[in-house]
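Given next are the chains, with one letter for each unit.
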Amino acid sequence: MSPETTAPRSLAEALRARDDASLSALLRSRPDLITPVPTDLTQLATRAGTRASVVRALERLDRFTLQTAEALAVAREPATYDELLGLLAGDDNDPTVTAAFPHALGTLREQALLWGGDDRLRLMRTARELLAPSPQHPSPTGLGPTVGEATAGMSPGRIQEIVATAGLTSTHDSVSAVASLSALFSDRSRMSALLDEAPAEAIEVLSRLVWGPPYGQVTAEPAAHLRWLIGRGLLLPTGPGTVVLPREVALHMRAGRAHRVTEPVAPAVEAATPHRPQVVDAAAAGQAYTTLATVEELLKDWHEGGPAVLRAGGLSMRDLKRTAVALDVSEPVAAFWVELAYGAGLLASDGEAEERYAATPAYDAWLELPAAERWARLASAWLTATRTAGLVGGRDAKDRTLSALGPGLDRSAAPEVRHRVLALLAELPEGSSPATDSLLARLYWERPTRGARPSPDELRARLAHWTLSESELLGVTGRGALSAQGRALLGLPSTAGAKGAEGAEPSGPGDKLPAHKRHHPVTAPVPHSPAERAAAATRAARLLAPLLPEPLDHVLLQADLTAVAPGPLERPLADTLGVLADVESKGGATVYRFTPGSVRRALDAGRSASDLHAFLAAHSRTPVPQPLAYLIDDMARRHGHLRIGAASAYVRCDDEAVLNEILADKRSQEFGLRRIAPTVLAGQTDPAGLLTGLRSMGFAPAAESAEGDVLISRAHAHRTPPRTAPEPVPDGPPVPDATLLGAAVRAIRAGDLASTAPRKEDPAAGRPVDGGLPRTSSAETLATMQAAVMTGEAVWIGYVNAEGAASQRVIAPIRVEGGFVTAYDHTADEVRTYPLHRVTGVAELADDQP
């Protein structure tokens, strides 16, 4: 059979010739085509040609594949395999381009951006409109219009003058004249001879236009060398005072290349600084521990209710600065920790009238997990989150400041960029950190911005920078290199497991070249489903657990009223010590300081002096120093000696001398105290204010209830109602799984069968049924269905469902009864029952159809 009889005439026909695996690959690479599932292949081809879908597909091409599409957009239509390869490889047939070309062409064909055989390659019409050069939208190739396009509208006489001046034979019509001129400019030898006659100034002008932009300005009386070019059509007028370099001329001067620099090979990500893998893992584990401590410190600081929620949502800059001071970090880093806790579902607004931020109930459950699992929960939330803390402090489209926890921080590309950056780190030698410039160059090659070079301000570049810094803060990387737990978080096998007995990488097809020289970029498998992500997090936690320090059950008490915790403390010990002492410094060892205020805080919480002595003796590796014991006993002796209650407020004490001392102190005058009994003073302020005031004067009063009992003050743990973590904003439809792809392909095939199956002639109209749904009367529909049951033949029906949506189906009726037909539906590939009153009509299929 000749190629002419098998060549597809449209994209729909080209899709119809594909097998199921090829259709599945198309739907997987362009998941927007499957939402919803097309009814047939014609609808699939139409949807694949929509502008939004094509733009999305082009944005996801790598640099060389996009260059291939751009070259095809400036090639003649249809183009041959060799013509397109020539535009990319040039006259010197660059072997690297030649090797990479089949994969790029296959990618375009797989994604239905290109169709036709190798002898008739056609770029999808919408893609050609987007990529072909025009005055309004210059092509990234820098090429201008063809001779035929540039001379459209030019007078026939002027075209004949150009042909004659160029040394060609005059023709009788403009079409043949333009074709003759195009043939001259496309002929390498004849074109070289023509340019050898050109003045040097003329060649200089062409050289300035050859790589684009191809348009230039001329005066009403151009110079002689410009007249030489214009007279021979080497520059063609496009408007008053404007000329353009024809595409054929530019390609000759470029030695056949469509692009100034063709980039068939992904640039290598260079290793900057090598480290031993053990050092990397240890550094990452240390930072992972710091992550847990910082998140706990943040939520402990907001334990009784955090900052207020802004009216427009989010955290005010003043509260962010306070949080940064409390955590002893910069404001951008504080914004990252706040967003991390929010993204993991540990922090939310409480929804009250005076709305504030607070920990969620999930935070309490998170605290009970082992340390490694807590870290894995945070790292997994960061890896998939679309909220981007790096944007905090910037401006939105309406020039409003973007605040932490506020709206406008979602960037759907963030998870993909994070995963890709970490995957590229995984390709480096183990323990090596990347050179940032080479990493950005690789990311740009994989997802280029059409018509522009990479910019530090471009979103993907900023996301990459933020990924490197945030992964280091989290402990996913250590010293800039990917850690073992970071590799597991990506779903990658450990390096040790992937290597053979002698440490060599496993070999296979395509592995003979270094990763950066393979034509298809190496990508890490993205864990899509929650089960896959949970499995990856579990494995990361298992690798991290041995590297984290074991919690300690002791501290070292010192004579200067401090306690040194030489490592992380067990939670009960840390909680009690946090009440009894103030944190003075943090780091490898935490230093706590005991003060009168901190000891009083423990007494207010219901602890007795004997409890505190026993606690310190049980958890100190050194004897309890005398100054600390004296401090506890002194505060306990004075604690509760004065009692504050509600009158407006009153002070009572069995020791009249103490009350006399208070009245004599000038600082007490603001409370309006007066003696109403030998052991009672009444004040004109509230109990809380009087309690605070007397403590500032050096006394140790205790609050009491209306019944005279001492009130024990404990921190109130404010929690929000149950909250779910914020959902990531998807970057388009999700990639379908194998089950959905299989079902979609079967449905499309069946729908296509229904829409393309030949029908017998309509006996009423005497012509084939064509176009819309079949239309028959109720009696005819019933009779045809009953006959099909008896013969076992398939029929074509029109059907309107309960929502009013019309469709056509190919069914094989099994039985007809009670106003329903039960049939095997070829379209749905299952047995279904249809009400007869919803069938618009029925027609028989041709004899050679199912």
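Residues numbered from 1 in each chain as written. Predicted model: local features only at pLDDT ≥ 70, side-chain atom pairs only at ≥ 80, totals over all residues. Heavy atoms only, no water.

1. Quick notes on the nonpolar core
Basically, it comes down to this: Definition used in this section: a nonpolar core is a set of buried Ala, Val, Leu, Ile, Met, Phe, Trp, Tyr and Cys residues joined via side-chain atoms within 4.5 Å. Each residue's exposure class comes from its accessible area (1.4 Å probe, protein chains only) as a fraction of the maximum for that residue type: buried when under 20%, exposed when over 50%, partly exposed otherwise. Here a helix means four or more residues in a row that DSSP labels H or I, a strand means two or more in a row labelled E, and each is numbered from the N terminus. The contact definition used throughout considers only heavy atoms, calling two residues in contact when any of these lie within 4.5 Å.
Ranked by internal contacts, the top residues of the largest apolar core, which has 91 residues, are L27, L44, F185, L229, L234 and L235. For this core, the element with the most residues is helix 6 (residues 63-74), which contributes 7 residues. Among all residues touching L44, those that are not within four sequence positions of it are L15, L23, L26, L27, L33, P38 and I748. Counting residues in each nonpolar core, the second largest holds 71 residues, with L340, A461, L463 and A464 among its members.

2. Quick notes on the packing of aromatic side chains
Note the threshold: Two rings from Phe, Tyr or Trp (for Trp, the six-membered ring) form a pair when their centres sit within 6.5 Å of each other. Planes less than 30 degrees apart are called stacked, planes more than 60 degrees apart edge-to-face, and all others tilted.
With the rule as written, the count across this model stands at 5 aromatic pairs. When the centroid spacing of 4.9 Å and the interplanar angle of 75 degrees are considered together, the rings of Y81 and F101 count as edge-to-face. With Y81 in helix 7 (residues 81-89) and F101 in helix 8 (residues 95-110), this pair connects stretches of sequence that are 20 residues apart. Y81 sits in the partly exposed class, given a relative accessible area of 22%. Relative accessible area serves as the criterion here: at 0%, F101 is assigned to the buried category.

3. Quick word on the packing of helix 12 (residues 174-186) against helix 13 (residues 188-196)
Heads up, the rule is: In this analysis, axes come from line fits to C-alpha atoms, helices being fitted only over the stretch in contact, and the angle between any two N-to-C directions falls in the range 0 to 180 degrees. Orientation labels follow simple angle bins: below 35 degrees gives roughly parallel, above 145 gives roughly antiparallel, 65 to 115 gives roughly perpendicular, and whatever is left gives oblique. Each residue is assigned to one class: nonpolar for Ala, Val, Leu, Ile, Met, Phe, Trp, Tyr, Cys and Pro, charged for Asp, Glu, Lys and Arg, and polar for all the others, Gly among them.
Two elements in contact, helix 12 and helix 13, have axes whose closest approach is 5 Å; the angle formed by their N-to-C orientations is 85 degrees. Taken together, the axes of helix 12 and helix 13 lie roughly perpendicular to each other. Contacts from A183, L184, F185 and S186 in helix 12 reach R188, R190, M191 and L194 in helix 13. Of the residues that constitute the contact of helix 12 with helix 13, the class distribution is 5 nonpolar, 1 polar and 2 charged.

4. Thoughts on the environment of A589
By secondary structure assignment, the location of A589 is in the loop between strand 14 (582-585) and strand 15 (590-593). The exposure class of A589 is partly exposed, given its relative accessible area of 32%. For the pair A589 and V564, spaced 25 residues apart in sequence, the C-alpha separation works out to 6.6 Å.

5. Structural notes on empty space enclosed by the protein
Our working rule: Two kinds of site are reported from a 1 Å grid over the protein atoms alone, namely cavities, where a 1.4 Å probe fits but cannot get out, and pockets, open sets with protein on both sides within 12 Å along at least five of seven lines, and residues are called lining when an atom falls within 4 Å of a point. Grid points are joined across faces, edges and corners, and a volume is the space filled by probe spheres set on the points.
Taken as a whole, this structure holds 3 cavities of 30 Å³ or more when the rule is applied. There is about 50 Å³ of room inside the largest cavity. The wall of the largest cavity is formed by T388, A414, R418, L463, W466, T467 and E470. Put simply, the parts of the chain that give the lining of the largest cavity at least two residues each are helix 22 (414-427) and helix 24 (459-474). Looking at the lining of the largest cavity, its residues break down into 3 nonpolar, 2 polar and 2 charged.

6. Structural notes on the pairing of strand 25 (residues 820-825)
Let me state the cut-off plainly: Should DSSP find at least two bridges between two strands, the strands are taken to pair.
Note: strand 24 (residues 806-817) against strand 25, 6 bridges, orientation antiparallel. Of the residues in strand 25, the one forming a bridge with I811 is D825. Examined bridge by bridge, strand 25 and strand 26 (residues 830-835) share 6 bridges and lie antiparallel to one another. Within the sheet, the bridge partner assigned to A823 lies in strand 26 and is R832.

7. Concerning the sheet that holds strand 5 (residues 242-244)
In space, the 3 strands of this open sheet follow the order 3-5-4, with antiparallel pairing throughout. Strands with a single pairing partner mark the edges of an open sheet, and in this sheet they are strand 3 (215-217) and strand 4 (236-239). Recorded for the sheet is a direction-independent mean angle of 40 degrees between the axes of neighbouring strands. Sheet analysis places strand 4 next to strand 5, joined by 3 bridges and oriented antiparallel. From the neighbouring strand, P237 faces strand 5, where its bridge partner is V243.

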